[in-house]
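# An overview of the molecular structure
One letter stands for each residue in the lines below.
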Amino acid sequence: AWVQGILARVLFEEGDLVVSHSLTIISLKTNVELDARHAIARSLEWQAPVIAALGDPLKATRIFGRVERLFEEAGIVNERRHRKEYDDDVARVRAILGNDAAFDRAWQEGRDMSLEQAIEMALDPPRTIET
């Protein structure tokens with residue numbers, strides 16, 4: 001699951017959003033089966049920017065809100081290198097959404113949801129923005 005998440009990240013950076021999203025789903029499902037909370041948090045973290053890039057920044061923001069709370073609950077501290085990537089991803093999602101009030105509202109909604117709700121949301125296909 002960890003390797004799938006890392007590969008998903010590489011593919012995301014290369015612009016292959018569809019395959020990246022598929023790999024984040026596989027990684028998340030595997031980590032849920034293993035009941036590995038730290039790894040579930042990482043899978044959700046890797047999935048959020050992909051979901052935003054696929055056109056659903058509100059969903060991505062909610063997932064990030066829940067990831068942040070999960071990090072706090074589990075006592076997970078991002079090392080400096082990883083924290084920069086995380087902060088950059090959150091900033092990217094915020095920029096895609098383009099509305100600070102909507103971002104803050106969605107972030108809090110994510111923090112307030114249960115982990116099971118966040119996982120269920122993450123496993124649903126992203127809703128794309130109408131063009």
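See above for the structure.
Not measured: the values here are computed from a predicted model.

Take helix α2 (residues 17-34) next. Residues that lie three or four places apart on an α-helix share one face, since the helix turns once every 3.6 residues. Here α2 spans 26 Å end to end across 18 residues, near enough to the 26 Å set by a 1.5 Å rise per residue. Tucked inside the fold, the buried residues of α2 contact α1 (2-13), α3 (37-53) and α7 (115-123). Among the residues trailing α2, Asp35 stands out with phi positive, at a value near 55°.

This part takes up the nonpolar core. By size, the foremost hydrophobic cluster in this structure holds 27 residues, and its most contacted members are Leu44, Ile63, Phe64 and Tyr86. Only α3, α4 (57-74), α5 (80-97), α6 (100-112) and α7 provide two or more residues apiece to this core.

Position of Leu58 among the secondary structure elements: in helix α4. By relative accessible area, which is 24% here, Leu58 ends up partly exposed. Leu58 sits 39 residues away from Leu97 along the chain, and the two C-alpha atoms are 7.0 Å apart.

Moving on, we get to the packing of α4 against α6. How two helices sit against one another is set out by the angle between their axes and by the gap between those axes. At a minimum axis distance of 7 Å, the contact between α4 and α6 shows a crossing angle of 50°. Here α6 runs oblique to α4, going by the angle between their axes. Once α4 is placed against α6, the crossing between them reads as right-handed. Judged by residue contacts, Leu58, Thr61, Arg62, Phe64, Gly65, Arg66, Glu68, Arg69 and Glu72 of α4 engage Ala102, Phe103, Ala106, Trp107, Glu109, Gly110, Arg111 and Asp112 from α6. Its residues placed into classes, the contact of α4 with α6 shows six nonpolar, three polar and eight charged.

Thresholds, definitions, all that
Residue numbers here run from 1 along each chain, matching the order of that chain's written sequence. Whole-chain, interface and lining totals are the exception, using all residues; otherwise, since this is a predicted model, local features are given only for residues with pLDDT of at least 70 and side-chain atom pairs are given and counted only at 80 or more. Excluding hydrogens and water, the side-chain figures rest on all heavy atoms present in the structure. Think of it this way: any DSSP run of H or I at least four residues long counts as a helix, any run of E at least two long counts as a strand, and we number them from the N terminus. An expected span of 1.5 Å times one less than the residue number is assigned to each helix. Residue contacts follow a heavy-atom distance rule, with two residues in contact if any of their heavy atoms lie within 4.5 Å. The term nonpolar core refers to a set of buried residues drawn from Ala, Val, Leu, Ile, Met, Phe, Trp, Tyr and Cys, joined through side-chain atoms within 4.5 Å. Relative accessibility under 20% of the residue-type maximum defines a buried residue, over 50% an exposed one, and the middle range a partly exposed one, all with a 1.4 Å probe and only protein chains included. Between N-to-C directions, angles span 0 to 180 degrees; the directions come from axes that are lines fitted to C-alpha atoms, helices contributing only their stretch in contact. Should an angle fall under 35 degrees it is taken as roughly parallel, and over 145 as roughly antiparallel, whereas 65 to 115 is taken as roughly perpendicular and any remaining angle as oblique. Left-handed is the label given to a crossing in which the near helix is rotated counterclockwise from the far helix by less than a right angle, and right-handed is the label when the rotation is clockwise. Side-chain classes follow a simple rule in which Ala, Val, Leu, Ile, Met, Phe, Trp, Tyr, Cys and Pro form the nonpolar group, Asp, Glu, Lys and Arg form the charged group, and the remainder, Gly included, forms the polar group.

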